[in-house]
Amino acid sequence: MSFTLVERANSRSYSLVPTPGESAITIQYLMTWNSGSTQPTENAILVAAGTPPSRISSTVYSGNAYLKTMVIREVSIEPIRERQNAWTVTHRASTRNGTPTDNSVGQYCTCTRATVLRSTAMYRKDAALPANGTVVFASGADIAGTKVDTNGKPKVYDVPQQLVTIETQYDRTLPQGSPAAEPDWATYTSYVGNRNSAAFLGFPIGTLLYQGFQTAPEDNYYRMSHTFLYDAWYHLDQIPAPNPTGEPVLVAGVTIGGIPILQVDKVVFLQRYDTLSAFSGILAAADLTALTSPKPLAIP
């Protein structure tokens, strides 16, 4: 007792869209029951027709790397009324892996940016920022600049920032034999709170902070978002040198309207994010290429 599943001639149709959209192939089969007067059970019909999600038949992909990424998402079964124990079976398979000419998942990478502001205390105006935002706290070195506090109370300064979100895609499909690991969650997590050790996406060393990632499953893929924060002050804060009670040490300062004003004596920079890291462990070279070399090329 068996079923025969034969692909109908010229039955394949395609729908191709850019990644991460869902490109699809539709394949139609003639399924017949080859067992005389014995009738197949409903369950046997369903199993023989194919069950999603599963890979398409090897007779369909026939060595084609792109078609090998296709996964059957939907199976429809319709009886042929004019013929006993015969059905039209339609498989709808799809993929989000690139295009027929380039099935590299890494080619999908998008970047969104938004400007934000960070309000921080400013005791000194136009203080020279240390190279790469690297400082040794309490080193005793005053940051110089123009004093702008009044009696130890700082001005509020809005530091320009840029919120950068990069979205990529990861194929969760496990290969046969030795399954691949999940995305490198531990490495991503280890970068949280680190600043860039090399120029990255055009941002100077030390200005870009990795804030973390977010993932969501979609079919057999992860949609992954990595969030970075650029800060024009290298994520530094100005901290006044304190006296034994924790209050800023004040000395004679400017005179405003004939009234002498006390001002903070010494100010240092505080860097809360000391670690610098190369972000190559977060984004592969192919991902960055997709950002810097978008397709298609313009027609001259």
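Residues numbered from 1 in each chain as written. Predicted model: local features only at pLDDT ≥ 70, side-chain atom pairs only at ≥ 80, totals over all residues. Heavy atoms only, no water.

Draft legend 1. Examining the packing of aromatic side chains more closely. Throughout the structure, instances matching the rule amount to 15 aromatic pairs. Considering the side-chain rings of W185 and F213, the 5.5 Å spacing of their centres and the 25 degrees angle between planes classify their relative orientation as stacked. A residue pair is termed long-range when its members are at least 10 positions apart, and W185 in helix α3 (residues 185-191) and F213 in strand β12 (residues 208-218) qualify at 28 residues. Seen in terms of ring centroids, F200 and F228 are 5.6 Å apart; in terms of plane orientation they differ by 45 degrees. Their pairing is tilted. Placement of F200 in the loop between β11 (195-196) and β12 and of F228 in strand β13 (residues 221-231) is noted, with a sequence separation of 28 residues between them. (Phe/Tyr/Trp six-rings, centres within 6.5 Å; stacked < 30°, edge-to-face > 60°. Helix = DSSP H or I, 4+ residues; strand = E, 2+ residues; numbered from the N terminus.)

Draft legend 2. Representation of unusual backbone geometry within the structure. Residue P20 is bonded to the preceding T19 through a cis peptide linkage, with omega at 10 degrees. In this fold, P20 is placed in the loop between β2 (13-15) and β3 (23-33). A cis amide bond, omega -10 degrees, links P52 with the succeeding residue P53. Positive phi, close to 65 degrees, is recorded for A144, a residue that is not glycine. A relative accessible area of 41% places A144 in the partly exposed class. (Buried < 20%, exposed > 50% of the residue type's maximum accessible area, 1.4 Å probe, protein only.)

Draft legend 3. Seen up close, the pattern of salt bridges. Counted by the stated rule, this structure contains 12 salt bridges. In this structure, the salt-bridge partner of D219 is R96, at a minimum N-O distance of 3.1 Å. Taken together, the residues D219 in the loop between β12 and β13 and R96 in the loop between β6 (86-95) and β7 (109-122) connect sequence positions 123 residues apart. Here E167 makes a salt bridge to R223, at a shortest N to O gap of 2.5 Å. Here E167, found in strand β10 (residues 155-171), pairs with R223, found in strand β13; they are 56 residues apart in sequence, far enough to count as distant. When salt bridges that share partners are traced, they join E22, R73, R92, R96, E167, E218, D219 and R223 into one network. (Salt bridge = Lys/Arg side-chain N within 4 Å of Asp/Glu carboxyl O.)

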